[in-house]
Amino acid sequence: MSNPINLKVNGVDYAILADQNTPLLYILRNDLQLFGTRFGCGLGLCGACSVLIDGQKMHSCDVPLWDCAGKDILTIEGIGTPDNLHVLQQAFIDEQAAQCGYCVSGILITAKALLDQNPNPSESEIREALDRNLCRCGTHNRFVRAIQKVINSS
Ligand code: FES
Ligand code: FES
């Protein structure tokens, strides 16, 4: 362990003192108690741990702490709250898009990254964006409908 790593998470500055190779996912969950970012595969394959780092979707299980120095990180907790839902979260509720919900924070992060970069994606572009986010409950069609609802209402 050496010097702390300075980073920003959901608009809050932190100085994290930990092994610099610790995956960001563990820092979020174990140090910052941000449990909305999920552990799925731990191998960069399932998308459950997705966060935005400087606006880019990344798999936080696959990003070491040292690579987060000076970066701006957004987790699902920074997107909306129960009292102030993001439009995507409201659309997912309206469309009953989740079943068990385990994958959904990663799906929402991915959807936000897509709409931030392309506010009017086609269905195939939505499906392509979600391609690396696995859902064991098989509700991708509902996710797509919810995202299209946001696009059509904006
Ligand atoms: S837990 Fe990170 S991609 Fe699966
Ligand atoms: S809603 Fe259960 S894994 Fe996606």
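Now for a description of the structure that goes with this document. (Residues numbered from 1 in each chain as written. Chains lettered and ligands numbered in written order. Predicted model: local features only at pLDDT ≥ 70, side-chain atom pairs only at ≥ 80, totals over all residues.)

## Re the sheet that holds strand β5 (residues 72-74)
Part 1 of the reasoning: The strand order β2-β1-β5-β3-β4 describes an open sheet built from 5 strands, whose pairing is mixed. Two strands bound the open sheet, and with one partner strand each, they are β2 (12-16) and β4 (56-59). Neighbour-to-neighbour, the strand axes of the sheet open up by a mean angle of 35°, direction not taken into account.
Part 2 of the reasoning: Contacting β3 (50-53) and β4, helix α3 (residues 104-117) crosses the sheet at an angle of about 35° to β3. (Pairing = 2+ DSSP bridges. Helix = DSSP H or I, 4+ residues; strand = E, 2+ residues; numbered from the N terminus. Axes fitted to C-alpha atoms, helices over the stretch in contact; angles between N-to-C directions. Contact = placed C-beta atoms within 7 Å.)

## Examining unusual backbone geometry
Part 1 of the reasoning: Of note, the phi angle at D54 is positive, near 45°, even though the residue is not glycine.
Part 2 of the reasoning: Tracing the chain through its elements places D54 in the loop between β3 and β4.
Part 3 of the reasoning: Positive phi is not limited to glycine here, since Q96 has a value of about 45°.
Part 4 of the reasoning: By the secondary structure assignment, Q96 is in the loop between α2 (87-94) and α3.

## As for the packing of α2 against helix α5 (residues 140-152)
Part 1 of the reasoning: At a closest axis distance of 8 Å, the pairing of α2 and α5 adopts a crossing angle of 130°. Accordingly, the angle class assigned to the pair α2 and α5 is oblique. Crossing hand, α2 versus α5: right-handed. Contacts from V87, L88, A91, F92 and D94 in α2 reach A146, K149 and V150 in α5.
Part 2 of the reasoning: Looking at the contact of α2 with α5, its residues break down into 6 nonpolar, no polar and 2 charged. (Parallel < 35°, antiparallel > 145°, perpendicular 65-115°, else oblique. Left-handed = near helix turned anticlockwise from the far one by under 90°. Nonpolar A, V, L, I, M, F, W, Y, C, P; charged D, E, K, R; others polar.)

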